[in-house]
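Coordinate inspection notes
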Amino acid sequence: MHNNEIRYFMAVASTGSLSAASQQLFVAVSAISRQIQRLESRLGVPLFERHARGMVLNDAGHILENHVRRSMADMELAIAEIEGLKSARQTTIRIVCTDGIGFNLLPTLIAKFRRQHATVNFVLTVGSARQVPDLVRNGECDVALKFSLAPEHGVQVIASFSAPFLAVMQGTHPLASRDFQLADLNAYPIVLPDQAATVRQLFDLSCRMNGVFIDPLFTCNHFSTLYAFLLDTPDAIVICSHFSVLYSARRDGLQVKSINMDQLSQRTLQIQTEVNKPLTSVLNDFCAFLRHELETQDALFRQTYRFQGG
């Protein structure tokens, strides 16, 4: 395929119309249209659905766009590695994660890694549980961390850790010093992420299975907001994974309590990469660091707070 065909195709795919692509590329609409038609003829299938207001990628178009973006990312990675051989240029690692992981866990892990690898830069994108695997499959990141309730298709899982939901509260909370059941939470203000979060889905499922109805006092799609509310509300309880508070619970004087229920062990924290994509030396070091640090801190946290859930 010719470079112009691909270049014009990507411009139309990103802008949604021939006229917008023309303005972006400073090329006549007719020239772009001819190149798109030539590319479709070469492939033997249409790549766009043509509408009065513009052009939308069809299934074949999405496949081509994903492969082109992945090839472009691989080329940028190769160029960066080659230039890194010639200079002290910094290497960038692109990470995606879900919200609970981006709150405190990943910033702490990145800071620890950079103490030994000062020339590494990071770009972190926080997405939903549905978005993160797509970003991995499309080659738009180097590594991902996310909570998962089921096996992920089209991604390579290089490490997995049990991540049941727990009740996190201030150390002075009435439940902090005793065991309790799910129904006991009804007596206190419960703080939950929204329904898009896997921890909320697991919590709601557990409530239904046990015939318990809990109406949360506060719901938000940002864990940092829930956490700030918890610190300012002595009787509140936030439902989350211990990985979300792995480095902050002890610092902030919080108590973390497990609720012994079999279904709570369904969720895992996964480290994911793109299938069959070779890891650079730096990325391989970072993934090894993540796995070792999470294994170590997970065991220490469970010992400190005396829970074995999952």
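Residues numbered from 1 in each chain as written. Predicted model: local features only at pLDDT ≥ 70, side-chain atom pairs only at ≥ 80, totals over all residues. Heavy atoms only, no water.

1. Observations concerning the sheet that holds strand S7 (residues 165-170)
One open sheet holds the five strands; their spatial order is S9-S8-S10-S7-S11, and the pairing between them is mixed. Lying at the two open borders of the sheet, with one neighbouring strand each, are strand S9 (218-220) and strand S11 (254-257). For this sheet the average axis-to-axis angle between neighbouring strands, irrespective of direction, equals 30°. (Pairing = 2+ DSSP bridges. Helix = DSSP H or I, 4+ residues; strand = E, 2+ residues; numbered from the N terminus. Axes fitted to C-alpha atoms, helices over the stretch in contact; angles between N-to-C directions.)

2. Looking at the packing of helix H1 (residues 3-15) against helix H3 (residues 29-43)
Where H1 meets H3, the axes come as close as 9 Å, and the angle between the chain directions of the two elements is 110°. It follows that H1 is roughly perpendicular to H3 by the angle criterion. In this structure, H1 contributes Asn4, Glu5, Tyr8, Phe9 and Val12 to the contact, and H3 contributes Ala31, Ile32, Gln35, Ile36, Arg38, Leu39 and Arg42. Taken together, the residues of the contact of H1 with H3 break down into seven nonpolar, two polar and three charged. (Parallel < 35°, antiparallel > 145°, perpendicular 65-115°, else oblique. Contact = heavy atoms within 4.5 Å. Nonpolar A, V, L, I, M, F, W, Y, C, P; charged D, E, K, R; others polar.)

3. What about the domain arrangement of the protein chain?
Domain annotation of the protein chain identifies domain 1 (2-69), domain 2 (72-159 + 268-295) and domain 3 (165-258). Spacing between the C-alpha centres of domain 1 and domain 3 amounts to 49 Å. (Domains from an automatic or database assignment.)

4. A few points about the packing of aromatic side chains
Evaluated as defined, the whole model comprises 13 aromatic pairs. Grouping aromatic residues by their ring pairs yields a cluster made of Phe113, Phe122, Phe286 and Phe289. (Phe/Tyr/Trp six-rings, centres within 6.5 Å; stacked < 30°, edge-to-face > 60°.)

5. A word on the nonpolar core
Leu145, Leu269 and Leu294 are the most contacted members of the largest nonpolar core, which has 47 residues in total. Both of domain 2 (72-159 + 268-295) and domain 3 (165-258) provide at least three residues apiece to this core. (Core = buried A, V, L, I, M, F, W, Y, C linked by side-chain atoms within 4.5 Å. Buried < 20%, exposed > 50% of the residue type's maximum accessible area, 1.4 Å probe, protein only.)

6. Some words on the environment of Leu25
As for its position among the elements, Leu25 is in helix H2 (residues 18-25). Residue classification places Leu25 among the buried positions, given a relative accessible area of 18%. Through-space distance from the C-alpha of Leu25 to that of Thr119 is 35 Å; in sequence the pair is 94 residues apart.

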